[in-house]
Amino acid sequence: MVIYSFYIFDRHTECIYSKSWLPPSVSEAPSNPNPPDHPRADRRSKAARAGDDAKLIFGTVFSLRNMVRKLGGDDDAFISYRTGQYKLHYYETVSNLRFVMLTDTAAPSMRNVLHQIYINLWVEYVVKNPLSPVEHKGGEGVKNELFELGLDQFIRGLM
C-alpha cells in the first residue's frame, strides 16, 4: 500500500497541516512542459503549489460531501472516493476537523487509520499541548514536532 499525502483542514476550511510521502522525483516533477527559462514557465514556489493542491482537495471533499448529504440524507456519510490514479479517504470529527489521506487505488478503507491519527496523535500531541494554539487563524499551520514525528512513524509503519 502506498500513501501519497495527508491533510488536516480546520473548521474555517484552512489547511492547517499537510504532509507528502511521494518520492522527490514524482512530487517535484514539473507539471509545466515549458523549460524553466521559457517566458511562460511556471515560477510559483513549491509552497504555493502545495497550497493550491490543498484548496483543490478541500473543494473536492466539500462538493462530494454535500452531494452525498443531498442524495442520501443526513445519515449518509462520505468516506472515500476512488479515481484511476488514487483513492481519497475522509474523516470528519465532531469539532469539524477534516482529515484527508490520498493513497493508491488498492488501499482498503483508511477511516480507522484516520480516526487513530486523530485520537492517538492529534489529541495527544496538539490538543493537550498548552503551547499549541486553539485556532489556526490565517492558515497558520500546526508546528508540533512530536505530532509530526509520530505521524511520520505511524504512516511509515503502514507502508
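Each chain carries its own residue numbering, running from 1 in the direction its sequence is written. Residue-level local features of this predicted model are given only where pLDDT is at least 70; pairs of side-chain atoms are given and counted only at 80 or more, and the full residue set underlies all totals for whole chains, interfaces and linings. The basis for every side-chain value is the complete set of non-hydrogen atoms in the structure, without hydrogens or water.

- Within an unreviewed UniProt entry, the label attached to the protein chain reads Trafficking protein particle complex subunit, and the organism entered is Immersiella caudata.
- A UniProt comment under Subunit (unreviewed entry) is attached to the protein chain, and it reads "Part of the multisubunit transport protein particle (TRAPP) complex."
- Word for word, the UniProt comment on the protein chain under Sequence similarities (unreviewed entry) is "Belongs to the TRAPP small subunits family. BET5 subfamily." UniProt positions are given in the numbering used here, feature names are shortened, and annotations may be inferred rather than shown by experiment.

### Remarks on the environment of Tyr90
Phase 1: The helix and strand labels rest on DSSP assignments: H or I over at least four residues marks a helix, E over at least two residues marks a strand, and numbering proceeds from the N terminus. The topology assignment puts Tyr90 in strand β4 (residues 87-92).
Phase 2: Burial classes follow relative accessibility: with a 1.4 Å probe on protein chains only, a residue under 20% of its type's maximum area counts as buried, one over 50% as exposed, and anything between as partly exposed. Residue classification places Tyr90 among the buried residues on the basis of a relative accessible area of 2%.
Phase 3: For the pair Tyr90 and Tyr7, spaced 83 residues apart in sequence, the C-alpha separation works out to 9.8 Å.
Phase 4: Polar contact is defined as a pair of N or O atoms within 3.5 Å, subject to the rule that within protein one atom must be able to donate a hydrogen and the other to accept it, and that residues adjacent in sequence are counted only when both atoms are side-chain atoms. Separated by 2.7 Å, the side chains of Tyr90 and Glu92 make a polar contact.

### Notes on the packing of aromatic side chains
Phase 1: Stacked, edge-to-face and tilted labels apply to pairs of Phe, Tyr and Trp rings (six-membered ring for Trp) whose centres lie within 6.5 Å, assigned for plane angles under 30 degrees, over 60, and everything in between, in that order. One pass over the structure, following the stated rule, counts 14 aromatic pairs.
Phase 2: Taking the centre distance of 5.6 Å and the plane angle of 85 degrees together, the rings of Trp122 and Phe147 count as edge-to-face. One end of the pair, Trp122, is in helix α3 (residues 111-127); the other, Phe147, is in helix α4 (residues 145-158), and 25 residues separate them in sequence.
Phase 3: Judged by relative accessible area, Phe147 falls into the buried class, the value being 0%.
Phase 4: Cluster of aromatic residues (ring-pair linked, three or more members): Phe6, Tyr17, Tyr91, Phe99, Tyr118, Trp122 and Phe147.

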